[in-house]
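Report on the structure
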Amino acid sequence: MPSIFQRALGPDFARLHPRLQRRFGVGLDSGEACVGEGVMRRVWNAGPVVRPFLSLGGLRNILVKDTGRDIPFRIENYPYTDSYGRETVTFVRTFPLSRFDATMVYDEAGARVVDYLGTHQHLATPLALSVDERGGLVIRSGPQRLLEGPLAVRLPAAATGTALVTEQYDDEAGRFRIAVTVSNPLLGRIFGYWGSFTVSYVDVAAHGVPASVRPRREVARL
């Protein structure tokens, strides 16, 4: 079966740079995990107005408290089957002072990828995927839903952030380049980072999926 990103992009997946096709082809059928190591040239936030939210989110590995330049970075993309039988891919981003966890599944009804945020999947957001003219992947997050107990509530845009992620492959440097910006309709740009990394591929059958990258709680609702 194609990866969750292949299914969401459809024929456009073939327009991705070949290195991005392998990276986002990670899934149960590929049998590979993708682990990236690199440096974020800059990690920033909007300052005091957002720091309380960053600190609160840090309790469940949502968003990043680090700021500065030339910050080491690691991203782990492992495919596995969750407790509800869904193919899932981890997006665990580790910085020196904090971690940003996400797990992604494919929503058959919506023909889209849904991103669960944090260690307990308290937040879920649909992702819109596209391919740019250079063969890069562009990801835009949609409305967020709070999933807690019996609650499944759509959060107002003013209380959340919308993420724009672009990822390219730089043939000359032999590195993946990534840029992330999170914006709020009232506060403007509130958080972001950009930098580059290299990747290695891991045989999941031989090495397994580390327990550290899986969420502590899984949620069935989208």
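Residues numbered from 1 in each chain as written. Predicted model: local features only at pLDDT ≥ 70, side-chain atom pairs only at ≥ 80, totals over all residues. Heavy atoms only, no water.

Following the UniProt record, the feature "domain: DUF4166" (unreviewed entry) maps to residues 16–197 here. End C-alpha atoms of residues 16–197 are separated by 18 Å, and the span's content is 8% helix alongside 55% strand. (UniProt positions renumbered as here; feature names shortened; annotations may be inferred. Helix = DSSP H or I, 4+ residues; strand = E, 2+ residues; numbered from the N terminus.)

So, on to the nonpolar core. Ranked by size, the top nonpolar core spans 41 residues in total, and within it Phe5, Val43, Phe91, Phe95, Val113, Leu129 and Tyr193 carry the most contacts. When near neighbours in sequence (up to four residues on either side) are disregarded, Phe95 contacts Met40, Val43, Val64, Asp66, Ile71, Pro72, Phe73 and Tyr193. If you look at the next biggest cluster of nonpolar residues, it comprises 7 residues, including Ala33, Val35, Val92 and Val202. (Core = buried A, V, L, I, M, F, W, Y, C linked by side-chain atoms within 4.5 Å. Buried < 20%, exposed > 50% of the residue type's maximum accessible area, 1.4 Å probe, protein only. Contact = heavy atoms within 4.5 Å.)

Our next topic: the side chain of Gln121. Inspection of the secondary structure puts Gln121 in the loop between strand E6 (112–117) and strand E7 (123–131). With a relative accessible area of 2%, Gln121 lands in the buried category. Within polar-contact distance, the side chain of Gln121 engages the side chain of Thr103 at 2.8 Å. (Polar contact = N/O pair within 3.5 Å; in protein donor to acceptor, adjacent residues only side chain to side chain.)

With that out of the way, let us pick up the pairing of strand E4 (residues 87–94). Across a regular strand the side chains alternate sides, sitting on one face of the sheet and then on the other. For E4, a buried count of 7 out of 8 residues is recorded, marking the element as mostly surrounded by other parts of the structure. Pairing geometry for strand E2 (residues 68–77) and E4, over 3 bridges, is antiparallel. Note on E4: the bridge partner recorded for Glu76 is Val92. Pairing between strand E3 (residues 79–81) and E4: 3 bridges, direction antiparallel. Note that in E4 the partner of Thr81 across the bridge is Glu87. Linking two consecutive strands that pair antiparallel, namely E3 and E4, is a turn of 5 residues; a positive phi of about 80° is found at Gly85 within it. Relative to strand E5 (residues 99–107), E4 runs antiparallel, the two being bridged by 7 bridges. Bridged to Thr90 within E5 is Thr103. Adjacent in sequence and paired antiparallel, E4 and E5 are bridged by 4 residues. (Pairing = 2+ DSSP bridges.)

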